Amino acid sequence: MKIKSLEELKKIREESMGGVNLRHGEARGESIEILVGMGTCGISAGARGILNRFVDELAKKKIDNVRVIPVGCIGYCHSEPTVQINIPGQEPVLYGNITEDKVKDIVESHIHKGVVIQNLKIDIRHTRG
Amino acid sequence: MAKERTNILVCAGTGCLASESEKVAKNLELIVRARGYSDEVKIVKTGCFGFCEQGPIVKIEPDNIFYVRVGPKDAKDIVDEQIVKGRKVERLLFKESEKDKVVDKHEEMSFYKKQLRIALKNCGLINPEDIYEYIALGGYEALGKVLISMTRNEVINEVKESGLRGRGGGGFPTGLKWGITKEQDSEVKFMVCNADEGDPGAFMDRSILEGDPHSVLEAMAIGGYAIGADKGLIYIRAEYPLAIARLNIALKQARELGLLGENIFGTDFSFDIDIKLGAGAFVCGEETALLNSCEGQRGEPNFKPPFPAEEGYWGHPTCVNNVETLANIPAIINRGGKWFSSIGTEKSSGTKVFALAGKVNNVGLVEVPMGITLREIIFDIGGGIPNGKKFKAVQTGGPSGGVITEKDLDTPIDYDSLIAKGSMMGSGGMIVMDEDDNMVNIAKFYLEFTMDEACGKCGPGRIGTIRIYELLKKITSGNATMADLDAIKQLCYMVKDSSLCGLCQTAPNPVISTMKHFWNEYLDFIKDVDHPQGEGKYAAKNKIQKQA
């Protein structure tokens, strides 16, 4: 297909964005991070499915300033799968016992509207040095 | 099917390929598939990250983890730890040499901290063999904007306003060159990309072509529109097989999408590009020699004027721009000449890519704003001198430049300040030397190179460079007299003043500048005088008179 106008180029750009939107290069703005615990405990409790659901949901809602990152175990094995949401300038929030159907709620409520879902939240009782 | 959640970027520049990055990518691919993660993880082969010292480089996105010196055997750990379990593979992270501090993120590494990437912005970020990735990051929008909404003069004025100067070494204002070529009254004009990168140790043009070929194609089309050419040529040395292969892929893809060819963007502008392979002669980087070689003649320079902008390829007005110069053009069109001129110094705007090599910890490709000091490049970005040795000098401008010593390390660098210090910007090679290096030998090395590469057309270049080299050989063998030092000095200025083209006009620079800064090292080789402190000129003359 030949591109015959700027609009057509922009359309191809839109369609191709999905292929590179995980990459930020060196210029990295302040973005929200979703950390999914992927230790052995997390994986056996279904963390991989959770992680992929997050990626799906964000893509569906076209939210692009969020990075979904697999991380290791943080020691809350009793509440796996766990997900930590880091919004720049705010205290990190840790959610536990996440199931795939709750992913949508977290994206809609916490990421989109900024409202923490209290009944999923685990109190972080440790400080990081 | 799940969406991709991770991209593994593997450097596929020539440097990393030489240390088996192709195998790394293949192993990653196989293991990712074996673990059943093919749908979630994409392996992307990118262009050069610039940190060649530490290659092969593997970067994980969006996690932003930067792995260095990854071997084919490390692929298993990267997949099993990083992808499956989200744990970093500590042993593959970069350690800052002095503090042994482990750094996992790109932008926290001192090698990258002070860099600003415009020409290299897509290198190491996109797959150079996929035009859609270039488009996804805004590629070809500058070309569209130019063709649809700008007049030819507006394009030229934008480039003039940016203050962009030729990155191949000459530093001639690019906008002015475009303007002169546009003003020529001729139906046939040519836009030529000079990819005959020949400075020993410089490889920025190769990396751009390997890592982001479309940026150069787009810029050539923009230039073609501005000057009124419908045909472009890329003159590239045959020693760059990977760059040539990626250029050919890029050309094919651009033609398929109608971004090159007839009636681009539905306008009446047509433009296409051919590749011409050079045999790798240093002199063919000189634009008139380059054009002679393109025409199938011997790669020898012509007397200027007429300049190629007036009479170039087959006698038609031709604009010759270097690869790195062109790679800046799309950004200038997209973000404006004013933005570009706000970077760098007043007379040298924008950034410059340097190939950092020699006795320095972080060998690689760095892009920095003009006006940065050599100290910042060598000690902050380059990580200083290995093995606790002392810095002695840095050669900028390759065999056409000169040495810069400790006392000038804090001079902000741009085209003019380097010339004032007796060196030059050149294409951006930067060779760092430590206390163990003998400067006469360094000068001899460069003269050996220019002697071999001098084309032979003019007398001063053909004979002069050989005589300088012979004298240097005589000096280093310990058989020279003060009179020889005098002779070499005279000869240097004679060759400099009377050669036909830039190659030999600048060839004596390494000798002149090492004599200026390290006169004592020359004297150490001389046996016939009791080491006079000054320039040696009068002592040498006296000696001759005495003998007579």
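Under an unreviewed UniProt entry, the name given to chain B is NADH-quinone oxidoreductase subunit F, and the source organism is Alkaliphilus serpentinus. The annotation that UniProt attaches to chain B under Sequence similarities (unreviewed entry) is "Belongs to the complex I 51 kDa subunit family."

Chain A goes by (2Fe-2S) ferredoxin domain-containing protein in an unreviewed UniProt entry, where it is assigned to Alkaliphilus serpentinus.

Secondary structure assignment for chain B yields 23 helices and 15 strands. Expected size for 548 residues packed as a compact globule is a radius of gyration near 24 Å; at 25 Å, chain B falls within 12% of this value. By principal-axis analysis of the C-alpha atoms, chain B measures approximately 95 × 60 × 40 Å. In chain B, of all internal contacts separated by at least 6 residues, the share reaching a separation of at least 24 is 70%. A total of about 20,500 Å² of accessible surface is found on chain B, and carbon and sulfur atoms cover 50% of it.

All names here are of chain B. Restricting attention to buried positions, one finds in helix H7 (residues 152-162) the residues Val 155, Ile 156, Val 159 and Ser 162. Here the buried residues of H7 occupy an arc of 120° about the axis, which is enough to place them on one side. Next to the buried residues of H7 lie helix H6 (141-149), helix H8 (174-183), helix H10 (213-227), helix H13 (323-335) and helix H14 (337-341).

Before going further, it helps to spend a moment on the pairing of strand E11 (residues 351-358) of chain B. Side-chain positions along a regular strand alternate between the two faces of the sheet. Residues and elements named next belong to chain B. In terms of residue burial, E11 counts as a mostly covered element, since seven of its eight residues are buried. Pairing of E11 with strand E12 (residues 364-369), which is carried by six bridges, proceeds in the antiparallel orientation. Each residue of the ladder has a partner; that of Val 353, found in E12, is Glu 367. Here E11 folds back onto E12, and the loop between the two strands holds five residues.

A common way to state how big an interface is: give the accessible area lost once the parts meet. All names here are of chain B. As assigned here, chain B comprises domain 1 (6-113), domain 2 (131-341), domain 3 (351-437) and domain 4 (440-547). Across the boundary between the two partners, domain 3 contributes 17 residues, which contact 13 residues of domain 4. Taken together, both faces of the contact between domain 3 and domain 4 bury some 1,100 Å²; the carbon and sulfur share is 63%. When residues of domain 3 are sorted by the area they lose upon contact with domain 4, Lys 392, Pro 399 and Val 403 head the list and together hold 41% of the total. Our count for the contact surface shared by domain 3 and domain 4 stands at one salt bridge. Lys 392 is the salt-bridge partner of Glu 521, the closest N and O atoms lying 2.6 Å from each other.

Let us now look at the interface of chain A and chain B. On the side of chain B, 52 residues touch chain A, which itself brings 35 residues to the contact. Buried surface at the junction of chain A and chain B, summed over both partners, amounts to about 3,600 Å²; 56% is from carbon and sulfur atoms. In this assembly, chain A and chain B are joined by two salt bridges. Among the ionic pairs, B:Glu40 bridges to A:Arg48, the shortest N-O distance being 2.7 Å. If you look at where chain A meets chain B, you find 10 residue pairs in polar contact (both at pLDDT 80 or more).

Time to look at the environment of B:Ile222. All names here are of chain B. Relative to the elements of secondary structure, Ile 222 occurs in helix H10. Residue classification places Ile 222 among the buried residues on the basis of a relative accessible area of 0%. In contact with Ile 222, other than residues within four places in its own chain, are Ala 142, Leu 143, Val 146, Val 155, Trp 178, Ile 329 and Ile 333.

Once that is clear, we can look at the layout of surface pockets. Residue and element names in this part refer to chain B. When its volume is computed, the second largest pocket comes out at roughly 1,300 Å³. Gly 168, Gly 169, Gly 170, Gly 285 and Glu 286 are, among the 50 residues lining the second largest pocket, the residues nearest its centre. Secondary-structure elements contributing two or more residues to the lining of the second largest pocket are H8, strand E10 (318-322), helix H16 (415-420) and helix H20 (502-506). Considering each element in turn, the lining of the second largest pocket owes the most residues, five residues, to E10.

Strand pairing within a sheet occurs via backbone hydrogen bonds; the two strands may be parallel or antiparallel. All names here are of chain B. Strand order in the open sheet formed by four strands is E9-E8-E7-E10, with parallel pairing between adjacent strands. Whereas interior strands pair on both sides, the edge strands pair on one side only; in this sheet they are strand E9 (272-278) and E10. Put simply, the sheet's adjacent strands are angled 20° from each other on average, direction ignored. Sheet analysis places strand E8 (residues 231-237) next to E9, joined by seven bridges and oriented parallel. Each bridged residue has a counterpart across the sheet, and for Gly 232 the counterpart in E9 is Ile 273. Relative to E8, helix H12 (residues 287-294) is tilted by about 100°, and along the sheet it contacts strand E7 (190-195), E8, E9 and E10.

Residue and element names in this part refer to chain B. Running from amino to carboxyl end, H10 crosses H13 at an angle of 75°, the nearest separation of the two axes being 8 Å. Taken together, H10 and H13 sit at an angle that is classed as roughly perpendicular. Contacts from Ser 215, Val 216, Glu 218, Ala 219, Met 220 and Ile 222 in H10 reach Val 323, Leu 326, Ala 327, Ile 329, Pro 330 and Ile 333 in H13. Tallied by class, residues from the contact of H10 with H13 come to 10 nonpolar, one polar and one charged.

Time to look at the side chain of B:Gln82. Topologically, B:Gln82 is positioned in helix H3 (residues 75-85). One polar contact links B:Gln82 to B:Tyr67, side chain to side chain, over a distance of 2.6 Å. Residues in contact with B:Gln82, not counting those within four places in the same chain, are A:Pro70, B:Ile60, B:Asp63, B:Ile65, B:Tyr67, B:Asp77, B:Arg87 and B:Lys88.

What follows is about the pairing of E10(B). Residues and elements named next belong to chain B. For E10, the tally of buried residues reaches five of five residues, placing the bulk of the element in the interior. Burial of E10 is two-sided: the residues Thr 318, Val 320 and Asn 322 facing one way and the residues Cys 319 and Asn 321 facing the other way are all buried. As paired strands, E7 and E10 are joined by five bridges and run parallel to one another. Residue Asn 194 lies in a different strand from E10, and its bridge partner there is Asn 322.

The next thing to look at is the packing of aromatic side chains. Residue and element names in this part refer to chain B. The final tally for this structure, using the stated rule, is 15 aromatic pairs over all chains. The interplanar angle of 85° and the centroid separation of 5.8 Å between the aromatic rings of Phe 49 and Phe 66 together place this pair among those described as edge-to-face. Within this pair, whereas Phe 49 is found in the loop between strand E2 (41-46) and strand E3 (58-61), its partner Phe 66 is found in strand E4 (residues 65-67), the two being separated by 17 residues in sequence. In this structure, Phe 49 and Phe 66 share a single accessibility class: buried. With centroids separated by 5.9 Å and ring planes inclined at 50°, the aromatic side chains of Tyr 313 and Trp 314 adopt a geometry described as tilted.

Our next topic: the packing of helix H19 (residues 482-498) of chain B against helix H21 (residues 509-517) of chain B. Residue and element names in this part refer to chain B. Contact geometry of H19 with H21 gives a least axis separation of 9 Å together with a crossing angle of 135°. Our classification of the angle between H19 and H21 gives oblique. Viewed along their axes, H19 and H21 form a crossing whose handedness is left-handed. Contacts between H19 and H21 pair Leu 485, Ile 488, Lys 489, Cys 492, Tyr 493 and Lys 496 from the former with Asn 509, Val 511, Ile 512 and Met 515 from the latter. Considering only residue class, the contact of H19 with H21 consists of seven nonpolar, one polar and two charged.

Conventions used here
Residues numbered from 1 in each chain as written. Chains lettered and ligands numbered in written order. Predicted model: local features only at pLDDT ≥ 70, side-chain atom pairs only at ≥ 80, totals over all residues. Heavy atoms only, no water. UniProt positions renumbered as here; feature names shortened; annotations may be inferred. Helix = DSSP H or I, 4+ residues; strand = E, 2+ residues; numbered from the N terminus. Rg over C-alpha atoms; globule rule 2.2 N^0.38 Å. Contact = heavy atoms within 4.5 Å. Areas by Shrake-Rupley, 256 points an atom, 1.4 Å probe, with all protein chains shown as cover. Buried < 20%, exposed > 50% of the residue type's maximum accessible area, 1.4 Å probe, protein only. Arc of directions from axis to C-beta. Pairing = 2+ DSSP bridges. Domains from an automatic or database assignment. Buried area = accessible area lost by both parts, 1.4 Å probe. Salt bridge = Lys/Arg side-chain N within 4 Å of Asp/Glu carboxyl O. Polar contact = N/O pair within 3.5 Å; in protein donor to acceptor, adjacent residues only side chain to side chain. 1 Å grid on protein atoms, 1.4 Å probe; cavity = no way out; pocket = protein on both sides within 12 Å on 5 of 7 lines; lining within 4 Å. Points joined across faces, edges and corners; volume = space filled by probe spheres on them. Axes fitted to C-alpha atoms, helices over the stretch in contact; angles between N-to-C directions. Parallel < 35°, antiparallel > 145°, perpendicular 65-115°, else oblique. Nonpolar A, V, L, I, M, F, W, Y, C, P; charged D, E, K, R; others polar. Phe/Tyr/Trp six-rings, centres within 6.5 Å; stacked < 30°, edge-to-face > 60°. Left-handed = near helix turned anticlockwise from the far one by under 90°.

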